[in-house]
Amino acid sequence: MHAEQLEKLKQELRRGVLVLAVLMQLQREHYGYSLRKALQSFGLEIDEGTLYPLVRRLEKQGLLLSEWREEDKRKKRFYRLSESGQRALDAMQSEWQVLNQNIANIVKGDGQ
Amino acid sequence: MNIVENYLTQVEEYLASDNDTDVLQELESAIYDAIEEREAEQGRPLANAELASVLRKFGAPIDVAAKYARQQYLIGPTLFPVFRHSLKVMLGIVAILQCLNTLLHLASGEVSYLSITALLQVIFTSSVWGFAALVVIFAAVEKYQIPSPLVTPSWDPLKMTAMRQSKGDRKDAATTIISDTVMLILWNLWVGPGITAGATIGQITIVLPNVYSLLFWPVNGLLLMSLLLNAWQLLSNSCNKVRISAAIALDSSALVVVAMLLASTDQLLISSDNIEQLQPIANHANNVLQISLAVVFGFIAWDLKNHCKMWKKVSE
């Protein structure tokens, strides 16, 4: 398989878990840059061109709340989970656990 | 930092106006955060080339703006197959009608229609107008989410009536289109509305009975409808109840019309100074025309029988 095709498949897989990862991190307040750094510290690389539109979309969907604040002489937009964001996160975490188990079963089944 | 301001100005060009300021402020903040991180690593301010590499990580201005935009379609993925099919049908109908129009004008001696360029030009212009009209209609259906019977969300496999067409059906449709076109040209050359149809060759005058003039427009209408139905059949993979019903109605009407023509006792009325000598020829010509009409009647009856069989199959 072509390296580019493989990279696209990997990106598709990552895209699916990105929203979950972002919502989990935003249980604590972050601004864009600090959120990216936090995800990076867990090994999840995400470029700025993807992260910022994603958090705006989640905010438009009502899953996040935001406010502009001045920090270090610069205005920054801080995000945190809303109530519906918390409910969505809880649902997605359960779904993730089920999926994780299903994939593990498939892998185990193939191994036999 | 001009390079950053230039970048933000470029992004602003492509943003939708309703989320401009907010997005730009956030983007600016993110860019300066990234720059500060790099400067902290380097221990010095960044040069323009280094600033450029920071901006490259954010992406091209048009791509950045596109990521913030709401996904919009002119004609969305659900409607697009219907649009494509409608376009095919429209272009087919335009091409057939314009070719017919040209042939009719050529047959009546209008020299300006002789050029292939004129035909292609008129087909092109009509097609462009038709395409534009279809795009506007489908874009309106998409934008205002107008419920359309063509794109119904629910369907029942038990109620689906489309039947796959065979290659033979398509060949029949193509043959019928050719024969209908020839009939249409001859009909319009020989017959006219409200006037006595006929011709004068030397001292011989040949006149068709009045019933031909009376049926001028009905026959034209039936032939045109037949052309359109067969064009639809040619361009489609399947046949459905709507088309078969239309074909049955058309065949039935055509049988009535041909029966009326057949019922006329004299098909051709010939008048001449030498009518006694020409009478056997006149009788012969009458018989030939009568037999031709009977053959046409037979073919239409055969078509009707086939269409009724298809109707029964599709209804099962």
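See above for the structure.
First, a word on what this report is: a plain description of the structure on this page.

1. Looking at the sheet that holds strand β2 (residues 64–71) of chain A
Residue and element names in this part refer to chain A. Read from one edge to the other, the open sheet built from three strands follows the order β1-β3-β2, with strand pairing classed as antiparallel. At either margin of the open sheet sits one strand with a lone partner, and together these are β1 (30–31) and β2. With two bridges joining them, β1 and strand β3 (residues 74–81) adopt antiparallel strand pairing. Among the inter-strand pairings, tyrosine 31 is bridged to a residue of β3, identified as phenylalanine 78.

2. A short note on the pattern of salt bridges
All told, the structure shown has 13 salt bridges over all chains when counted by the stated rule. Notably, a salt bridge pairs Glu50(B) with Arg44(B), separated by 2.7 Å at the nearest N-O pair. When salt bridges that share partners are traced, they join Arg56(A), Glu59(A), Arg77(A), Asp22(B) and Glu26(B) into one network.

3. Description of the nonpolar core
Residues and elements named next belong to chain B. Counting residues in hydrophobic clusters, the biggest one holds 31 residues, and the most contacted among them are Tyr212 and Leu261. Contributing elements (two or more residues each) for this core: α7 (167–190), α8 (210–214), α9 (216–235), α10 (241–263) and α11 (275–315). With nine residues, the single largest contributor to this core is α10. Judged by nonpolar contacts, the second largest core, of 25 residues, contains Val4, Ala34, Ile35 and Val54.

4. Structural notes on the layout of surface pockets
Residue and element names in this part refer to chain B. By volume, the largest pocket is sized at about 1,500 Å³. Around the largest pocket, the lining comprises 44 residues; the ones closest to its centre are Asp180, Met183, Leu223, Val296 and Ile300. For the lining of the largest pocket, the secondary structure elements donating two or more residues are α7, α9, α10 and α11. By residue class, the composition of the lining of the largest pocket is 29 nonpolar, nine polar and six charged.

Parameters and conventions
Residues numbered from 1 in each chain as written. Chains lettered and ligands numbered in written order. Predicted model: local features only at pLDDT ≥ 70, side-chain atom pairs only at ≥ 80, totals over all residues. Heavy atoms only, no water. Pairing = 2+ DSSP bridges. Helix = DSSP H or I, 4+ residues; strand = E, 2+ residues; numbered from the N terminus. Salt bridge = Lys/Arg side-chain N within 4 Å of Asp/Glu carboxyl O. Core = buried A, V, L, I, M, F, W, Y, C linked by side-chain atoms within 4.5 Å. Buried < 20%, exposed > 50% of the residue type's maximum accessible area, 1.4 Å probe, protein only. 1 Å grid on protein atoms, 1.4 Å probe; cavity = no way out; pocket = protein on both sides within 12 Å on 5 of 7 lines; lining within 4 Å. Points joined across faces, edges and corners; volume = space filled by probe spheres on them. Nonpolar A, V, L, I, M, F, W, Y, C, P; charged D, E, K, R; others polar.

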